[in-house]
Amino acid sequence: MLKTVIGLFDSRDQAEKAASELRGSGFKDEISILAADRDKTVHKTSDTGSESLTSGVTTGGVLGGLAGLGLGAGALAIPGIGPIIAAGPIAGLVSGALTGGVAGGLVDWGIPAERGKFYEDKVKEGKILASVRTEDGKINSAADILRRNGARDVEIH
């Protein structure tokens, strides 16, 4: 059974280090990153999911540094939230739940609506959300990596 580990980072460096360590530990397509676009503009993105991410991302460069990790990214405008940048599987999840925002998308991953709203609000405040959706046997390892790299409010659902 798949579970989701989710956490928040204060800085792009923390999120990048965590994503790099996750990749080095065997997590590949399970990693997702979500951040508000601080400049409130939507930028051109890669549609191929290749190693090329957004060009001109202004979230403090949060996703630009993840380009080498092979995470595809997309820019979305979420009603009530504004422009966000999403990398990994969460991009499809959130874009499919545009009317429900981030919280609505996270419900599909087993995250209770009230916790999804908490994470959505934190992204609006400028935090960087990272999640890993993986098998039971790997979820504690993913949570440990997030915490070791500075993630706060780490939860497993």
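Residues numbered from 1 in each chain as written. Predicted model: local features only at pLDDT ≥ 70, side-chain atom pairs only at ≥ 80, totals over all residues. Heavy atoms only, no water.

Colleague: I keep staring at the packing of helix 1 (residues 12-24) against helix 5 (residues 136-148) and nothing clicks. Help me out?
Modeller: Think of two packed helices as two axes; the pair is described by the angle between the axes and how far apart they sit. Axis separation between helix 1 and helix 5 bottoms out at 9 Å; the angle between their running directions is 150°. Taken together, helix 1 and helix 5 sit at an angle that is classed as roughly antiparallel. At the point where helix 1 passes helix 5, the crossing takes the right-handed sense. Across from Ala18, Glu21 and Leu22 in helix 1, the residues of helix 5 making contact are Ala142, Ile145, Leu146 and Arg148. Within the contact of helix 1 with helix 5, the residues separate by chemical class into five nonpolar, no polar and two charged. (Axes fitted to C-alpha atoms, helices over the stretch in contact; angles between N-to-C directions. Helix = DSSP H or I, 4+ residues; strand = E, 2+ residues; numbered from the N terminus. Parallel < 35°, antiparallel > 145°, perpendicular 65-115°, else oblique. Left-handed = near helix turned anticlockwise from the far one by under 90°. Contact = heavy atoms within 4.5 Å. Nonpolar A, V, L, I, M, F, W, Y, C, P; charged D, E, K, R; others polar.)

Colleague: I keep staring at the nonpolar core and nothing clicks. Help me out?
Modeller: Considering soluble globular proteins, one finds that nonpolar side chains tend to be buried as a cluster. Counting residues in hydrophobic clusters, the biggest one holds 20 residues, and the most contacted among them are Val5, Phe9, Leu22, Phe27 and Leu146. Of the residues forming this core, the biggest block, five residues, is contributed by helix 5. When near neighbours in sequence (up to four residues on either side) are disregarded, valine 5 contacts Ala130, Ser131, Val132, Ile139, Ala142, Ala143, Leu146, Val154, Glu155 and Ile156. If you look at the next biggest cluster of nonpolar residues, it comprises 15 residues, including Ala36, Ile84, Ile111 and Val123. (Core = buried A, V, L, I, M, F, W, Y, C linked by side-chain atoms within 4.5 Å. Buried < 20%, exposed > 50% of the residue type's maximum accessible area, 1.4 Å probe, protein only.)

Colleague: Before we go on, may I ask you to explain the pairing of strand 5 (residues 128-135) in this structure?
Modeller: Successive side chains on a regular strand alternate, one facing one side of the sheet and the next facing the other. Within strand 5, six of the eight residues are buried, which leaves it mostly tucked inside the rest of the structure. Two strands pair when backbone bridges link them, and strand 1 (residues 2-9) and strand 5 are joined in this way by eight bridges, in the antiparallel orientation. Its bridge partner lying in strand 5, threonine 4 is registered against arginine 133. As paired elements, strand 2 (residues 31-36) and strand 5 share four bridges and run antiparallel to each other. Across the sheet, the residue bridging to leucine 34 is leucine 129, located in strand 5. (Pairing = 2+ DSSP bridges.)

Colleague: How do you make sense of the packing of aromatic side chains when you look at a structure like this?
Modeller: Centre-to-centre distance and the angle between the planes together describe a pair of aromatic rings. For the structure on display, the rule yields one aromatic pair. Seen in terms of ring centroids, phenylalanine 118 and tyrosine 119 are 5.3 Å apart; in terms of plane orientation they differ by 75°. Their pairing is edge-to-face. Residue classification places phenylalanine 118 among the partly exposed residues on the basis of a relative accessible area of 22%. Against the face of phenylalanine 118 rests arginine 115, its NZ or CZ located 4.2 Å from the ring centre. Here the basic side chain of lysine 138 rests over the ring of phenylalanine 27, its NZ or CZ set 4.8 Å away from the ring centre. (Phe/Tyr/Trp six-rings, centres within 6.5 Å; stacked < 30°, edge-to-face > 60°. Lys NZ or Arg CZ within 6 Å of the ring centre and 35° of its normal.)

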